[in-house]
Amino acid sequence: MWILFSLLAAFTSAIVVTLSKAAIKNVDSNLVFAIQAIIILLVSWGVVTWQGNISDVGQIERRTWVFLGLAGLLTCISSLLAFYALKMGDASRVSPLERLSLVFAIVFAVIFLKEKVDWPVILGAGLMAIGAIIIAVSGYSSK
């Protein structure tokens, strides 16, 4: 089932990139991100409330709060950078480079989470990196 959810996340992420690029044409990229962040905030807390998990907030350990805080801060920075890149470049070239996060995630998972990877994962990550770079630089036009 995780494969289905992963593919749906990728599909919706592609739609987000397309819609965001369309929105950024006439609006500052930081403002676009701020508006989307408010919507994300409302929807995410709405889901937590609807599921009845709001009381679990008090049970989160301090160390987990630190990880969540850092991840949230880096999510904001990542999104601001991605929106800025979308403002300047073509979505078809920005998105593949941004998706190199998949390759970085594999490397970080091995280093920090001590996950084991085998040759298909290494090969796949290498192909993803090569593909993203080829897509990003092919027919490059500076904007």
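Residues numbered from 1 in each chain as written. Predicted model: local features only at pLDDT ≥ 70, side-chain atom pairs only at ≥ 80, totals over all residues. Heavy atoms only, no water.

Notes on the UniProt feature "transmembrane region" (unreviewed entry) in the protein chain
Keep this limit in mind: UniProt positions are given in the numbering used here, feature names are shortened, and annotations may be inferred rather than shown by experiment. The numbering of helices and of strands both runs from the N terminus, where a helix is a DSSP run of H or I of at least 4 residues and a strand a run of E of at least 2.
The positions that UniProt labels "transmembrane region" (unreviewed entry) are, in the present scheme, residues 32-52, 64-85, 97-113 and 120-140. End C-alpha atoms of residues 97-113 are separated by 24 Å, and the span's content is 82% helix alongside 0% strand.

Side note on a nonpolar patch on the surface
Put simply, the rule is: Patch rule: a residue counts if its relative accessible area is over 30% and it has no salt bridge; like charges are joined within 9 Å, and nonpolar side chains (Val, Leu, Ile, Met, Phe, Trp, Tyr) within 5 Å. Only the protein chains shown count as cover for residues, and all accessible areas are computed by the Shrake-Rupley method using a 1.4 Å probe. A carboxyl oxygen of Asp or Glu within 4 Å of a side-chain nitrogen of Lys or Arg is what we treat as a salt bridge. Any residue under 20% of the maximum accessible area for its type is buried, any over 50% is exposed, and the rest in between are partly exposed; the area is computed with a 1.4 Å probe on protein chains only.
There is a patch of nonpolar side chains on the surface, built from Phe 104, Val 107, Phe 108, Val 110, Ile 111, Phe 112, Leu 113, Val 117, Val 121 and Ile 122 and spanning about 930 Å² of accessible area. Listing elements by their share of the nonpolar patch, those giving two or more residues are helix H5 (101-112) and helix H6 (119-137). If you trace the backbone, Phe 112 turns up in helix H5. Phe 112 gets classed as exposed once you look at its relative accessible area, which sits at 62%.

Observations concerning the packing of helix H4 (residues 91-98) against H6
Basically, it comes down to this: For helices, the axis comes from a line fit to the C-alpha atoms of the stretch in contact; other axes are also lines fit to C-alpha atoms, and the angle between any two N-to-C directions lies between 0 and 180 degrees. Oblique is the label for every angle not falling under 35 degrees (roughly parallel), over 145 degrees (roughly antiparallel), or within 65 to 115 degrees (roughly perpendicular). Throughout, a crossing is termed right-handed when the near helix is turned clockwise from the far one, and left-handed when it is turned anticlockwise from it by less than a right angle. Here, two residues are considered to be in contact whenever any of their heavy atoms come within 4.5 Å of each other. Ten residues, namely Ala, Val, Leu, Ile, Met, Phe, Trp, Tyr, Cys and Pro, are considered nonpolar, four, namely Asp, Glu, Lys and Arg, are considered charged, and the remaining ones, Gly among them, are considered polar.
At their nearest, the axes of H4 and H6 sit 8 Å apart, and the two run at 155° to each other. The pairing of H4 with H6 is recorded here as roughly antiparallel in orientation. Both H4 and H6 take part in a crossing whose hand is left-handed. Every residue of H6 that contacts H4 at Ser 92, Arg 93, Pro 96 and Leu 97 is listed here: Ala 132, Ile 135 and Ala 136. Split into classes, the residues belonging to the contact of H4 with H6 amount to five nonpolar, one polar and one charged.

Describing the environment of Trp 50
Inspection of the secondary structure puts Trp 50 in helix H2 (residues 29-51). Remark: the alpha-carbon pair of Trp 50 and Leu 80, spanning 30 residues in sequence, is separated by 29 Å.

Overview of the environment of Gln 36
Tracing the chain through its elements places Gln 36 in helix H2. Judged by relative accessible area, Gln 36 falls into the partly exposed class, the value being 25%. Distance in space between the C-alpha atoms of Gln 36 and Ser 20 is 9.2 Å, their sequence separation being 16 residues. Ignoring sequence-local partners within four residues, the contact set of Gln 36 consists of Val 16, Ser 20 and Phe 83.

Digging into the UniProt feature "domain: EamA" (unreviewed entry) in the protein chain
As annotated by UniProt and renumbered to match this structure, "domain: EamA" (unreviewed entry) occupies residues 1-136. With 82% helix and 0% strand, the stretch residues 1-136 has end C-alpha atoms that lie 32 Å from each other.

Focus on the nonpolar core
Operational definition: Think of a nonpolar core as a cluster: buried Ala, Val, Leu, Ile, Met, Phe, Trp, Tyr and Cys residues, connected wherever their side-chain atoms sit within 4.5 Å.
Formed by Val 17, Ile 24, Val 32, Phe 33, Phe 83, Leu 86 and Val 94, the largest nonpolar core amounts to seven residues. Every residue in contact with Leu 86, bar those within four places of it in the chain, is listed here: Val 17, Ser 20, Lys 21, Ile 24, Ala 91 and Val 94. In terms of nonpolar packing, the next biggest core, distinct from the first, is built from five residues, Leu 100, Ala 125, Ala 129 and Ala 132 among them.

Here we look at the packing of aromatic side chains
This is how it is decided: For this analysis, a ring pair means two rings from Phe, Tyr or Trp (six-membered ring only for Trp) whose centres lie within 6.5 Å, classed as stacked if their planes differ by under 30 degrees, edge-to-face if by over 60, and tilted for the remaining angles.
Per the counting criterion, the structure on display carries two aromatic pairs. Aromatic pair Phe 108 and Phe 112: ring centres 5.9 Å apart, planes at 55°, arrangement tilted. You can see Phe 108 and its partner Phe 112 sitting in helix H5, four residues apart, about one turn around the helix. Under the relative-accessibility criterion, Phe 108 is labelled partly exposed at 46%.

Side note on the domain arrangement of the protein chain
Quick note on the threshold: Residue ranges assigned to the domains are those given by an automatic or database domain assignment. Buried area, as used here, totals the accessible surface that two parts lose on assembly, with accessibility defined by a 1.4 Å probe and the loss added over both.
Taken domain by domain, the protein chain consists of domain 1 (1-88) and domain 2 (90-142). Each of domain 1 and domain 2 has a C-alpha centre, and these two points are 20 Å apart. Facing the six residues of domain 1 at the interface are five residues of domain 2. For the pair domain 1 and domain 2, the summed buried area comes to about 490 Å², and 63% of that belongs to carbon and sulfur atoms.

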